[in-house]
Amino acid sequence: MQAKAVTLCQRPVGMPKKEDFEVIDIDVPAPADGEIQIQNVCMSVDPYMRGRMIERKSYVPPFQIGEVLTGGAIGKVTKSGHPDYKEGDYVSHSWGWREAVTTSVEGVQRLGEIVAPPSAYIGTIGMPGMTAYVGLLEVGALQDGETVFVSGAAGAVGTIVGQIAKLKGCRVIGSAGSAEKVALLQDELGFDHAFNYNDGHILNHLREAAPDGLDVYFDNVGAEHLQAALMCMRPFGRIPLCGAIATYNDTEPRPGPNNLSMAIGLGLTLRGFIVTHFNHLADQFRNDMEGWVTSGQITSKETVFEGIDQAADAFIGLFTGANVGKAIVNL
Ligand SMILES: NC(=O)c1ccc[n+]([C@@H]2O[C@H](COP(=O)([O-])OP(=O)(O)OC[C@H]3O[C@@H](n4cnc5c(N)ncnc54)[C@H](OP(=O)(O)O)[C@@H]3O)[C@@H](O)[C@H]2O)c1
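Please read all numbers here as calculations on a predicted model, not as lab measurements.

Some details on the overall build of the protein
Helices and strands together make up the secondary structure of the protein, namely nine helices and 15 strands. When its C-alpha atoms are laid out on the principal axes, the protein stretches across 60 × 45 × 35 Å. Burial statistics for the protein: of 331 residues in total, 45% are counted as buried. Taking as baseline every contact in the protein between residues at least 6 positions apart, the subset at least 24 positions apart corresponds to 67%.

As structure tokens, this is what we get:
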């Protein structure tokens, strides 16, 4: 059969553009013995993919020009040449950016019984949700009742960081790029305080929102956000370094925070992490998160783009703030 897929036709310089991507037709053969054919239901676009569009050594290898892109996706098995996978099974895998694929089962996880729409398994109950969970509870070593600040608060990871922190009885502050997102955080997701980082100085907002300082700063953004948060940390505070989206489209290296020495006297812990460092907690995470979602304690927010032709727009939207919660492409 034939399917549509997206390739990178040139490396983006600065902000990615629609012309950097091309939609092509691909062949999806019948599965051989040991293989399965999957019809994708939805795919994920994620900020880390921007780094893979640059030719450089990183924790994941760069995408090659002309190759179909890869990334998280949820699909349904349509034909199976493998005894453990049957037609109709929902699977989670890394063959996104295409409508269908025939593959060996390596790296393909059966979802089994699901308690939420399939898209939740690339969002709140998937990689971004697990990033929030391990970043806050393991890396950030969150204690009940602490004061937490999360940047990128209205995004896939940030919405879950804030809600888990609330479940732990913490006071939660979030930053986002528009008044509408600030209203969502405060009115719908239970944040104690939120501010628009485009409106005034981040440091002033933080000093007003947390006059007694921050125990944990969950950093999704880097740059000015990190610099401002460093000024507001309490002694022995923790800063999980999750992402630095403010820098991903930089064409020149930018100076780091000029106040890192704050970490010395205050005994701060700044610790970078990648969610896969905590794969051993995947079952525990799924169990906890499915429980919180089905009991209504955690709300999943999604921004849905329809069809593979919108995949590039969905990806570019991550850098313009087009998404609220998880950006999903329905296929
Ligand atoms: N360490 C890991 O394993 C891991 C795993 C997943 C994600 N991450 C990182 O976590 C962060 C959030 O990822 P996500 O999947 O949840 O994405 P997301 O927040 O759903 O989408 C990106 C959001 O970032 C904000 N943003 C874009 N450019 C910005 C800028 N220059 N300054 C401030 N905010 C900006 C936008 O919201 P506004 O409208 O609020 O600006 C946008 O909606 C990213 O840095 C990502 O790389 C790390």
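Having seen it, we continue.
What to know about unusual backbone geometry
Unlike most non-glycine residues, W97 shows phi in positive territory, near 65°. Mapped onto the elements, W97 comes out in the loop between β5 (90-93) and β6 (100-104). The exposure class assigned to W97 is buried, which follows from the 32 C-beta atoms found within 10 Å. Positive phi, close to 65°, is recorded for F236, a residue that is not glycine. The topology assignment puts F236 in strand β12 (residues 233-241). Given 10 C-beta atoms within 10 Å, F236 falls into the exposed group.

Thoughts on the site of the ligand
Among the 30 residues in the neighbourhood of the ligand, the closest are listed as G155, V157, G177, G243 and G321. Sorting elements by how many residues they give to the shell around the ligand places helix α3 (residues 156-167) first, with three residues. Each residue belonging to the shell around the ligand can be placed in one class, and the counts come to 18 nonpolar, ten polar and two charged. Residues from two domains meet in the shell around the ligand; each of domain 1 (2-123 + 301-330) and domain 2 (127-276) gives at least three.

What about the sheet that holds strand β10 (residues 193-196)?
Within the open sheet, the six strands sit side by side as β10-β9-β8-β11-β12-β13. Their pairing is parallel. Either end of the sheet is taken by a strand with one partner, and the two such strands are β10 and β13 (269-272). Here the strands of the sheet are splayed against their neighbours by 15° on average, with no regard to which way each runs. Both β12 and β13 contribute to a ladder of four bridges, which runs parallel.

Brief notes about the domain arrangement of the protein
As far as domains go, the protein holds domain 1 (2-123 + 301-330) and domain 2 (127-276). The centre of domain 1, based on its C-alpha atoms, is set 28 Å off from the matching centre of domain 2. Contacts between domain 1 and domain 2 engage 17 residues on the former and 17 residues on the latter. Split into classes, the residues belonging to the side of domain 1 that touches domain 2 amount to seven nonpolar, seven polar and three charged.

Points about the environment of P62
With respect to the helices, strands and loops of the structure, P62 is situated in the loop between α1 (48-52) and β4 (73-80). It is 4.3 Å that separates the C-alpha atoms of P62 and R52, two residues lying ten residues apart in sequence. Contact partners of P62, with chain neighbours within four places excluded, come to R52, I54, E55 and R56.

Quick look at the packing of helix α2 (residues 127-139) against helix α8 (residues 282-294)
Put simply, α2 and α8 touch, their axes get as near as 10 Å, and they point 100° apart. As far as their axial angle goes, α8 and α2 are roughly perpendicular. From α2, G129, M130 and Y133 reach across to α8, where they touch A282, F285 and M289. By residue class, the composition of the contact of α2 with α8 is five nonpolar, one polar and no charged.

As for the nonpolar core
Counting residues in each nonpolar core, the largest one holds 92 residues, and the members touching the most others are A229, A311 and V329. Considering each element in turn, this core owes the most residues, seven residues, to α2. Built from parts of two domains, this core gets at least three residues from each of domain 1 (2-123 + 301-330) and domain 2 (127-276). In this structure, A311 is in contact with V6, M43, V45, W97 and V329, ignoring residues within four places of it in sequence.

Rules used in this analysis
Residues numbered from 1 in each chain as written. Predicted model: local features only at pLDDT ≥ 70, side-chain atom pairs only at ≥ 80, totals over all residues. Helix = DSSP H or I, 4+ residues; strand = E, 2+ residues; numbered from the N terminus. Buried ≥ 20, exposed ≤ 12 C-beta atoms within 10 Å, placed from the backbone. Contact = placed C-beta atoms within 7 Å. Near = placed C-beta within 6 Å. Nonpolar A, V, L, I, M, F, W, Y, C, P; charged D, E, K, R; others polar. Domains from an automatic or database assignment. Pairing = 2+ DSSP bridges. Axes fitted to C-alpha atoms, helices over the stretch in contact; angles between N-to-C directions. Parallel < 35°, antiparallel > 145°, perpendicular 65-115°, else oblique. Core = buried A, V, L, I, M, F, W, Y, C linked by C-beta atoms within 7 Å.

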